[in-house]
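Chain by chain, the residues:
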Amino acid sequence: MPDIRHTLTIAKEEGWAVGAFNAANISTLKAIFRAAQKLEAPVIIESSVGETEFFGHRAFREVIDSYRDLYDVQAFINLDHAVALESINEAIRVGYELVHFDGGELPYEDNVKLAKKVVKKAHQKELLVEGEIDHITGSSKLHKSKAAQVQAEGNYTEAARAAEFVKATNVDTLAVFIGNVHGIYADSPELDLERLQEISKTVDSFLSLHGGSGIRDADIKKAIKNGISKINVNSELRLAFFNTLKDTLKTTDELAAYKFMTPVIDEVQKVVEKKIKVFGSAGKAKSKWLRRSI
Ligand code: G3H
Ligand code: ZN
């Protein structure tokens, strides 16, 4: 069975990143699976606590298991930005491969204490835990403002403090804040790549980049070069979904959802394919390193 720790290790070594795409409905799931199948890319499929409650933890697991076999895709599940232990425990119970314990808005000591607790439980089932100390600002939607306004609301990740957190908690992945913000803005956010380089040299864990929507492709590539192995994308998928559905419904009298959703799936798939190509993960699922059983 492919293993996400192994996949991220290879990604880090080879200099590419695994795309982590948010989905909370069948059409987005299909778009991700089709893109991953076509480009032979390993993918993480994730949902926030709200998205997961809408879908159901177990239902999400079971549908993804079923699609994983149907499409023959290396797909792993992540519970994204969860602070509530009930949701995390349920994700662990039903067998997600990753959980993101987001204690970024908690006092540091509480964050450490709870992250340790989550790691202890998750590691018993060989799940990977992602931690966060610096709240990643913004929300996954279209914003009229410039990115700088939202960036200014956050505290940029400091390498020594990040290293201390990873050491104290033993989290497997750290979500860094280097100017990356959730959502799409009037301009692209500027990333502090020097800071990332420093974090990457100092911190002993995988590094994830949240807010993967709206960042220039060239900057994404530089971030990967400087140690990012997992990139989260939500808003660009949501926007393609919303705009295509709105346009389709204006021009059709079709009542069957599975028919009028076809162009929606196609457009979301295009976004996922574009991201996979930028992340360098295309073709990696067929690599002998990822296929080997471990
Ligand atoms: O955790 C999810 C991501 O960080 C999504 O960010 O909506 O800017 O793509 P995004
Ligand atoms: Zn995020």
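Keep in mind the model is a prediction, meaning the values are calculated, not measured. (Residues numbered from 1 in each chain as written. Chains lettered and ligands numbered in written order. Predicted model: local features only at pLDDT ≥ 70, side-chain atom pairs only at ≥ 80, totals over all residues. Heavy atoms only, no water.)

## Some details on the coordination of the zinc ion (ligand 2)
Condition: Only nitrogen, oxygen and sulfur atoms count as donors, using a 2.8 Å cut-off from the metal that widens to 3.2 Å for Na, K and Ca. Water is left out, so coordination shells may look unfilled. Each helix is a run of DSSP H or I of at least 4 residues and each strand a run of E of at least 2, with the numbering of both proceeding from the N terminus. Under the scheme applied here, a residue whose accessible area is under 20% of the maximum for its type counts as buried, over 50% as exposed, and between as partly exposed, the area being computed with a 1.4 Å probe on protein chains only.
Within the protein, the atoms that donate to the zinc ion (ligand 2) are His81 (NE2), His182 (NE2) and His210 (ND1), at distances of 2.0 to 2.1 Å. Mapping the donors of the zinc ion (ligand 2) onto the primary sequence yields the spacing H-x100-H-x27-H. In this pair, His182 sits in strand S8 (residues 182-184) while His210 sits in the loop between strand S9 (206-209) and helix H10 (217-225), placing the two residues 28 residues apart along the sequence. Comparing His182 with His210, the two get one shared label, buried.

## Thoughts on the sheet that holds strand S7 (residues 173-176)
Rule in force here: Strand pairing follows a simple DSSP-based rule, namely that at least 2 bridges must link the two strands. Structural elements are reduced to axes, namely lines fitted to C-alpha atoms, with helices fitted over the stretch in contact, and the angle between N-to-C directions of any two is expressed from 0 to 180 degrees. Residue contacts follow a heavy-atom distance rule, with two residues in contact if any of their heavy atoms lie within 4.5 Å.
A barrel is described by the order of its strands in space; here 8 strands give the closed sequence S1-S2-S3-S4-S5-S7-S9-S10, paired in parallel fashion. On average, adjacent strands in this sheet sit at an angle of 25 degrees to one another, irrespective of strand direction. Running over the sheet, helix H9 (residues 193-202) touches S7, S9 and strand S10 (228-233) and is turned about 155 degrees from S9. Where H10 meets the sheet, it contacts S9 and S10, and its direction lies at approximately 140 degrees from that of S10.

## Focus: the pairing of S7
Burial along S7 is two-sided: Thr173 and Ala175 facing one way and Leu174 and Val176 facing the other are all buried. In terms of strand pairing, strand S5 (residues 128-132) meets S7 through 3 bridges, oriented parallel. Bridging across to S7, Glu130 finds its partner in Thr173. Bridge analysis of S7 against S9 gives 4 bridges, and the strand direction is parallel. Opposite Thr173, over in S9, you have Phe206 as the bridge partner.

Everything listed here is a matter of geometry and, on its own, says nothing about what the molecule does.
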